[in-house]
Amino acid sequence: MHPRVTGIAGDECPKCGMALEPVAQSHGHADTHACPMHAKVTGIAGDECPKCGMALEPLVASHHCPMCPGVTGQAGDTCPHCGMNLEPIEGQLGHGQH
């Protein structure tokens, strides 16, 4: 009923109370934003978190493809060109490096 409302399995729509249903990623569209409080809640620019109502914030790339320059993503992503697992970007391991 409310296609811009997103969440995770088991969530209900905060607008109408219906259970959220899985959606397929279409046309290579990937979520580009996540809730700063609920990291599993993802979506696109302009979406809000169905749990807390906060605006979703842009994801920061933390991984890259070692074979394809410019391909970045998150942990667990694979390169859309060569299929390799993305590897951590050096210096972004959470050790206080800036």
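None of these values were measured; they are calculated from a predicted model.

**Q** Looking at this model, I keep getting lost on the confidence of the model for the protein chain. Mind explaining?
**A** Detail in the predicted coordinates should be disregarded across regions flagged by low pLDDT. Model confidence for the protein chain is summarised by a mean pLDDT of 79, while 81% of its residues fall at 70 or above. Looking over the protein chain, one finds the lowest element-wise mean pLDDT in strand β5 (residues 72-73), namely 82, and the highest in strand β6 (residues 87-88), namely 91.

**Q** Is there a simple way to explain the nonpolar core in this structure?
**A** Across soluble globular proteins, you tend to see nonpolar side chains buried next to one another. Formed by C65, C68, V71, C79 and L86, the largest nonpolar core amounts to 5 residues. In this structure C65 touches V71, C79, C82 and L86, once residues within four positions along its chain are discounted.

**Q** Mind showing me how you'd approach the side chain of S62 here?
**A** Within the secondary structure, S62 sits in the loop between β3 (57-58) and β4 (63-64). Classification of S62 as buried rests on a relative accessible area of 18%. Of note is the side chain of S62, whose polar atom sits 2.8 Å from the side chain of H63.

**Q** Honestly, the sheet that holds β5 in this entry has me stumped. Any pointers?
**A** In sheet architecture, strand pairing relies on hydrogen bonds along the backbone and comes in two forms, parallel and antiparallel. Taken together, 3 strands build an open sheet; the order of strands is β5-β4-β6 and the sheet is antiparallel. In this open sheet, the two strands that pair with only one neighbour each are β5 and β6. As judged from the 2 bridges shared by β4 and β5, these two strands associate in the antiparallel manner. Across the sheet, residue H63 finds its bridge partner in β5, namely G73.

**Q** Looking at this model, I keep getting lost on the sheet that holds strand β1 (residues 33-34). Mind explaining?
**A** Here 3 strands make up an open sheet; going across it, the order is β2-β1-β3 and the pairing antiparallel. Only two strands of the sheet have a single neighbouring strand rather than two, namely β2 (42-43) and β3. In the sheet, β1 pairs with β3 via 2 bridges, with the strands oriented antiparallel. Residue pairing for β3: H33 is matched across the bridge by P58.

**Q** Explain the state of the cysteines to me, please; I cannot follow it from the model alone.
**A** Here a disulfide denotes a covalent bond joining the sulfur atom of one cysteine to the sulfur atom of another. Applying the stated criterion to the full structure yields 0 disulfides. Here C49 stays unpaired: no disulfide links it, and the sulfur of C35, its closest cysteine neighbor, is 3.6 Å away. Classification of C49 as buried rests on a relative accessible area of 3%. The thiol of C52 is not disulfide-bonded; the next cysteine sulfur, from C35, is found 3.7 Å away.

About the cut-offs
Residues numbered from 1 in each chain as written. Predicted model: local features only at pLDDT ≥ 70, side-chain atom pairs only at ≥ 80, totals over all residues. Heavy atoms only, no water. pLDDT = per-residue confidence, 0-100. Helix = DSSP H or I, 4+ residues; strand = E, 2+ residues; numbered from the N terminus. Core = buried A, V, L, I, M, F, W, Y, C linked by side-chain atoms within 4.5 Å. Buried < 20%, exposed > 50% of the residue type's maximum accessible area, 1.4 Å probe, protein only. Contact = heavy atoms within 4.5 Å. Polar contact = N/O pair within 3.5 Å; in protein donor to acceptor, adjacent residues only side chain to side chain. Pairing = 2+ DSSP bridges. Disulfide = S-S within 2.5 Å.

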